[in-house]
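Residue strings, one per chain:
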Amino acid sequence: MDKQTIVIVGGGITGLTAAYYMQKALKEEALPYEVKLVEASDRLGGKIITHKQDGFTIERGPDSMIARKKPGMKLVEELGLKDEVIRNGTGQSYILVQGKLHKMPKGAFMGVPMQIGPFLKTGLVSPFGKLRALLDLVKGKGDASVDQSLGAFMRRRFGNELVENEIEPLLSGIYSGDIDEMSLMATFPHFYQLEQNYGSLIKGLKQTMPKPVKTKEKGNPPGAFFSFKNGLETMVHKLVEKLDEGTILLNNAVDHIEKKDNGYHVLLSSGDVIKAVAVIATTPHKTLPKMFSQYDFLQGFSNVPSSSVANVALAFEQSAIKQDIDGTGFVVSRNSDFRITACTWTHKKWPSSTPKGKALIRCYVGRPSDQEVVDLPDEDLVELVLKDLNKTMNITAMPEFSVISRWRNVMPQYTVGHMERIAKARKEASEHLPGVYFVGSSFNGVGIPDCIEQAEKAVEQVRKYLSI
Ligand code: FAD
């Protein structure tokens, strides 16, 4: 009997993970289905791109995964990659506020203080700003709401100063978005739950955050993030290696998907058609209106914004950095006269990325209010990054080389109402497109572990739908 086909659209981490878990289940249980993964470009991994040059390992996209979220490490163990894992070097990190570097206060989670002592000592916020922030302890819970902006929620609890000087630079960076437009429930629903349960985020975090584990070993505890000795793409290569030959179709965009013959006809840019019994679409939300052009309920995705960023990696002789800073990097508040939004001293955060005697500095540009910076020519980008860096460090030589990665309109914006919009589209899809699932960074989390988790769930949904 011919095997029926489950199509996975997109070969980023979400698509590859879905293909891996789906194929594994089919093989283990000898089920009469096959997996086809269709990828538009000539490579796999999507936003995960590790670039090697002159002994440096440079991440053009994401540089690591957060270890706290379990699906990431679970997949690493599944793939037998544990020995390849490296943890980030821990060290002081900083926030640049109104042009001045401040140490990130200890005992804070995403900029929200959990320990009052270190918070009272920080120079990041004025005495008045501190008093205002501590009102969180007595404010009580806000009204129950379906959603609200992350900025409005944080401002109500802590006041504008803590938000602008500490919370915004940390939280906006993760989503490359504007904190005042971002949905609380789609980005940090946990904060809402803490407010509702404890009437205070400070109290709620104090009660619920795991206490740091004390070890007998000297030195800093392991970092909160991980990558691999040979860069993040290691995981992509391993996933590809695990998939059966013939599973992946490269250089083939899915142009259109039509409901036909008790399943779906998946029309490829080559003109070929794959007949599928189920489809997991892992591509960005903006691809869906065209793929399913006959369905009105998916057309709204063309209006969901995506922002742009660029990162600029600069390789130096260590000696070129005359005034170094003891730490791993800094984020920049938007009240500073800087165009870079964040800077990582990669040679310290990921020592194996950089040959001995060299330094690797990686900066981001592209605030929501400064999107045009992403399109500047390479030389101008390098010049403006160096100018900003020299305000806090003293770099006396030009970089040996630079690697610039532009990410245009790819950072999905989870604006207020995001979860409701997704739920509505999925409900309609379950009626009109049974067996079709939308997952990936446009939907339930942008972090790599979130994408992996979504892929796992989609595989479970397909199995339930096909009763296998
Ligand atoms: P993608 O990686 O976008 O993959 C989608 C794939 O679909 C692509 O390969 C694309 O070519 C393909 N495709 C598109 N249209 C079609 C079509 N019509 N037919 C077939 N294929 C199609 N996350 C972290 O956890 N840690 C970080 O440090 C981090 N830093 C980041 C830094 C940057 C610069 C960026 C851009 C993202 C970062 N992220 C980070 C987020 C994370 O990298 C992404 O959310 C995640 O990799 C997205 O994976 P995905 O598979 O959902 O989508």
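Residues numbered from 1 in each chain as written. Predicted model: local features only at pLDDT ≥ 70, side-chain atom pairs only at ≥ 80, totals over all residues. Heavy atoms only, no water.

Examining the site of the ligand
(1) Moving on: Surveying the vicinity of the ligand reveals 31 residues, the closest of which are Thr14, Glu39, Ser64, Val446 and Ile448.
(2) Moving on: Alanine 40 is positioned with one of its backbone polar atoms (N or O) 3.1 Å from a nitrogen atom of the ligand.
(3) Moving on: The backbone of valine 254 places a nitrogen or oxygen atom 2.9 Å from a nitrogen atom of the ligand.
(4) Moving on: Against a free-state accessible area of 1000 Å², the protein chains account for coverage of 86% of the ligand. (Near = heavy atom within 4 Å. Polar contact = N/O pair within 3.5 Å; in protein donor to acceptor, adjacent residues only side chain to side chain. Areas by Shrake-Rupley, 256 points an atom, 1.4 Å probe, with all protein chains shown as cover.)

Here's the deal with the pairing of strand β13 (residues 254-260)
(1) Moving on: Pairing of β13 with strand β14 (residues 263-268) involves six bridges; the strand directions are antiparallel. Considered in β14, the bridge of histidine 256 is made with leucine 267.
(2) Moving on: Connecting β13 to the next strand, β14, in antiparallel fashion are two residues, including aspartate 261 with a positive phi near 50°. (Pairing = 2+ DSSP bridges. Helix = DSSP H or I, 4+ residues; strand = E, 2+ residues; numbered from the N terminus.)

Quick word on the sheet that holds strand β11 (residues 225-228)
Pairing between the strands of a sheet comes from backbone hydrogen bonds, and it takes one of two forms, parallel or antiparallel.
(1) Moving on: What the three strands build is an open sheet, ordered β5-β11-β6; its pairing is antiparallel. Among the strands making up the open sheet, the edge pair consists of β5 (65-66) and β6 (85-87).
(2) Moving on: Relative to β11, β5 runs antiparallel, the two sharing two bridges. The partner of methionine 65 across the bridge, within β11, is phenylalanine 226.

Regarding helix α10 (residues 201-208)
(1) Moving on: Listed as buried for α10 are Leu201, Ile202, Gly204 and Leu205. All buried residues of α10 lie within an arc of 165° about the axis, which places them on one face of the element. (Buried < 20%, exposed > 50% of the residue type's maximum accessible area, 1.4 Å probe, protein only. Arc of directions from axis to C-beta.)

Some words on the nonpolar core
(1) Moving on: Counting residues in hydrophobic clusters, the biggest one holds 44 residues, and the most contacted among them are Ile6, Phe228 and Met235.
(2) Moving on: Elements supplying a minimum of two residues to this core: β1 (4-9), α1 (13-28), β2 (33-38), α2 (70-78), β11, α11 (233-242), β16 (278-281) and α16 (448-466).
(3) Moving on: Excluding residues within four positions of it along the chain, isoleucine 6 makes contact with Met22, Leu26, Tyr33, Glu34, Val35, Lys36, Val277, Ala278, Val462 and Leu466.
(4) Moving on: Of all hydrophobic cores here, the second largest spans 35 residues; its members include Leu124, Met182, Ala186 and Tyr192. (Core = buried A, V, L, I, M, F, W, Y, C linked by side-chain atoms within 4.5 Å. Contact = heavy atoms within 4.5 Å.)

What to know about the sheet that holds strand β15 (residues 273-276)
(1) Moving on: Here three strands make up an open sheet; going across it, the order is β13-β14-β15 and the pairing antiparallel. If you trace the sheet from one side to the other, it starts and ends with β13 and β15, each paired once. In this sheet, adjacent strand axes meet at a mean angle of 20° when their direction is disregarded. (Axes fitted to C-alpha atoms, helices over the stretch in contact; angles between N-to-C directions.)

Remarks on unusual backbone geometry
(1) Moving on: With a phi angle near 45°, serine 176 is a residue other than glycine that sits in the positive phi range.
(2) Moving on: According to the relative accessible area criterion, serine 176 is buried, its value standing at 10%.

Here's the deal with the side chain of glutamate 456
(1) Moving on: Structurally, glutamate 456 can be placed in helix α16.
(2) Moving on: Here glutamate 456 falls in the buried class, since its relative accessible area comes to 18%.
(3) Moving on: Residues within four places of glutamate 456 in sequence aside, it is in contact with Tyr21, Pro71 and Lys74.

Remarks on the confidence of the model for the chain
(1) Moving on: Looking at the chain as a whole, its pLDDT mean stands at 95, while 98% of the residues score no less than 70.
(2) Moving on: Overall fold confidence (pTM) sits at 0.96, and the ipTM for the predicted complex is 0.99. (pLDDT = per-residue confidence, 0-100.)

Topic: the pattern of salt bridges
(1) Moving on: With the rule as written, the count across this model stands at 29 salt bridges.
(2) Moving on: Between aspartate 63 and lysine 349 there is a salt bridge whose closest N-O contact spans 3.5 Å. Here the residue aspartate 63 occupies a position in the loop between β4 (56-59) and β5, and lysine 349 occupies one in helix α13 (residues 346-349), the gap between them amounting to 286 residues. Just as aspartate 63 is buried, lysine 349 falls in that class too.
(3) Moving on: The residue lysine 69 makes a salt bridge to aspartate 450 at a minimum N-O spacing of 3.0 Å. Taken together, the residues lysine 69 in the loop between β5 and α2 and aspartate 450 in helix α16 connect sequence positions 381 residues apart.
(4) Moving on: Here aspartate 450 falls in the buried class, since its relative accessible area comes to 13%. (Salt bridge = Lys/Arg side-chain N within 4 Å of Asp/Glu carboxyl O.)

Some thoughts on the environment of phenylalanine 109
(1) Moving on: Relative to the helices and strands, phenylalanine 109 is located in strand β9 (residues 108-109).
(2) Moving on: Sequence separation of phenylalanine 109 and histidine 256 is 147 residues, and the distance between their C-alpha atoms is 44 Å.
(3) Moving on: If we skip the residues at most four places from it in the chain, phenylalanine 109 touches Arg68, Met114, Phe191, Leu205 and Met209.

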